[in-house]
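Letter by letter, the chains look like this.
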Amino acid sequence: MVVADRAASLAIVGSPATAIQLADVMRVYREVDIETIALRGIDLEVARGEFVALMGRSGSGKSTLLQLLAGSDRPTAGRVIVDGIDLSRADEDERGRLRGAHVGIVFQSGNLIPFLDLEENVQLSAELAGRPIDRVGTRAILQRVGLAGRERHRPSQLSGGEQQRGALAAILATRPPIVLADEVTGELDSTTAGRLLDLLVEVHRQDGMTLLMATHDPHVAARADRIIELRDGRVVADRRIR
Ligand code: ADP
């Protein structure tokens with residue numbers, strides 16, 4: 001949805017029904033002699049409990065948008081509000097806290113801590129989110145994501161897909177209200193990818209968590225409630241499919 005009236009959009013900042021809100025968001029990457037405008041004025045609202053697929057070809061700005069929502073990057077201009085927190089004003093600490101308790105992340109690059117094994121990663125995430133779990137609970141979760149027997153492995157000893165499943169295990173343990181996923185199915189074989197997607201959708205349905213997933217795959221997007229398409233850093237389509 002394109003927010004035409006800025007005053008109206010700002011009036012609902014902090015509304016408990018809104019999970020994500022972007023107002024006129026720009027992100028410009030500046031290098032020595034090159035300027036790349038990755039996002040050119042994005043206005044967007046995602047309601048709590050929605051499953052949104054973010055589509056668009058490579059270079060359209062999907063990852064940049066997810067990085068802003070994850071709090072690992074800041075917009076050049078505009079406002080980014082996630083779970084009631086204005087990330088465009090938040091300092092590094094505040095953005096770090098957002099990642100712990102408010103937002104779960106399943107990115108291709110993996111977001112597990114490299115020097116901890118899988119079990120420790122899941123337990124630490126749970127602890128940081130204020131939901132400590134014991135070893136039995138951790139193992140049950142690792143089994144659910146198909147990583148039983150891999151408890152002692154560090155992220156570098158896991159494939160990309162296994163790291164994504166590890167990240168999903170941390171999400172099952174922490175149950176954040178918002179989950180961001182970047183091409184979760186990109187580099188996986190179709191069975192593994194399907195299972196990971198099923199798990200994400202199941203968690204979204206059971207817990208009512210908001211799910212924003214970047215994907216190239218129309219079959220994946222077809223499972224969402226809404227599809228948003230980016231082109232050259234702009235929202236060019238936004239349609240509800242269920
Ligand atoms: P997508 O995820 O849809 O492939 P990106 O958000 O990665 O798109 O990229 C959007 C645009 O921003 C592209 O033109 C890309 O080259 C550029 N870009 C992304 N990250 C950087 C960066 N760190 N430095 C410079 N340009 C970047």
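These numbers come from a predicted model, not from an experiment. (Residues numbered from 1 in each chain as written. Predicted model: local features only at pLDDT ≥ 70, side-chain atom pairs only at ≥ 80, totals over all residues. Heavy atoms only, no water.)

**Thoughts on the nonpolar core**
By size, the foremost hydrophobic cluster in this structure holds 35 residues, and its most contacted members are V106, V145, V179, V184, L200 and M213. Listed by contribution, the elements that provide at least two residues to this core are β3 (51-55), α4 (118-128), α5 (135-144), α6 (160-174), β7 (178-182), α7 (190-207), β8 (210-214) and α8 (218-221). Judged by nonpolar contacts, the second largest core, of 29 residues, contains V80, L180, A214 and I228. (Core = buried A, V, L, I, M, F, W, Y, C linked by side-chain atoms within 4.5 Å. Buried < 20%, exposed > 50% of the residue type's maximum accessible area, 1.4 Å probe, protein only. Helix = DSSP H or I, 4+ residues; strand = E, 2+ residues; numbered from the N terminus.)

**Observations concerning the pattern of salt bridges**
Here the structure, examined in full by the defined rule, presents 18 salt bridges. With its nearest N and O atoms 2.8 Å apart, the salt bridge here joins R27 to D73. With a gap of 46 residues between them, R27 in strand β1 (residues 18-30) and D73 in the loop between α2 (62-70) and β4 (77-82) connect regions that are remote in the sequence. Take R27: its relative accessible area is 14%, and that puts it in the buried class. (Salt bridge = Lys/Arg side-chain N within 4 Å of Asp/Glu carboxyl O.)

**A word on unusual backbone geometry**
Positive phi, normally seen in glycine, also occurs at D83, with a value near 50°. Note that D83 resides in the loop between β4 and β5 (85-86). D83 gets classed as buried once you look at its relative accessible area, which sits at 14%. One non-glycine residue, D232, lies in the positive phi region at around 50°.

**Examining the side chain of E162**
Mapping E162 onto the fold places it in helix α6. A relative accessible area of 14% means that E162 is categorised as buried.

**Quick look at the site of the ligand**
In the vicinity of the ligand, the residues found are Y29, E31, T36, A38, R57, S58, G59, S60, G61, K62, S63 and T64. The separation between an oxygen atom of the ligand and a polar main-chain atom of S60 is 3.1 Å. A distance of 2.9 Å separates an oxygen atom of the ligand from a polar atom in the side chain of K62. Listed by contribution, the elements that provide at least two residues to the shell around the ligand are β2 (35-47) and α2. For the shell around the ligand, the element with the highest residue contribution is α2, accounting for three residues. A breakdown of the residues in the shell around the ligand according to their chemical character gives two nonpolar, seven polar and three charged. (Near = heavy atom within 4 Å. Polar contact = N/O pair within 3.5 Å; in protein donor to acceptor, adjacent residues only side chain to side chain. Nonpolar A, V, L, I, M, F, W, Y, C, P; charged D, E, K, R; others polar.)

**Focus: the side chain of D43**
By the secondary structure assignment, D43 is in strand β2. A polar atom in the side chain of D43 sits 2.7 Å from the backbone nitrogen of D24.

**Here's the deal with empty space enclosed by the protein**
Applying the stated criterion across every chain yields a total of one cavity of 30 Å³ or more. Here the largest cavity defines a volume of roughly 30 Å³. Around the largest cavity, the lining residues are V145, R165, T192, R195, L196 and L199. When residues of the lining of the largest cavity are assigned to their parent elements, the largest contribution, four residues, is made by α7. Its residues placed into classes, the lining of the largest cavity shows three nonpolar, one polar and two charged. (1 Å grid on protein atoms, 1.4 Å probe; cavity = no way out; pocket = protein on both sides within 12 Å on 5 of 7 lines; lining within 4 Å. Points joined across faces, edges and corners; volume = space filled by probe spheres on them.)

**As for the layout of surface pockets**
In this model, the largest pocket occupies a volume close to 500 Å³. If you trace the largest pocket, you find 21 residues lining it, with R99, G100, V103, N111 and S125 closest to the centre. The class makeup of the residues in the lining of the largest pocket is 11 nonpolar, nine polar and one charged.

**Focus on the sheet that holds β5**
On the basis of which strands lie adjacent, the open sheet formed by four strands has the order β2-β1-β4-β5 and antiparallel pairing. Sheet topology places β2 and β5 at the edges, where each strand pairs with a single neighbour. Sheet topology places β1 next to β4; five bridges connect them, and they run antiparallel. When the bridges of β4 are listed, A23 appears paired with R79. (Pairing = 2+ DSSP bridges.)

**Focus: the confidence of the model for the protein chain**
Residues shown with low pLDDT carry predicted positions that ought not to be read at fine detail. Averaged over all residues, the pLDDT of the protein chain is 87; the fraction at 70 or higher stands at 91%. Every residue in residues 1-12 is under pLDDT 50, and counting partners more than four places away or in other chains gives 19 contacts. (pLDDT = per-residue confidence, 0-100. Contact = heavy atoms within 4.5 Å.)

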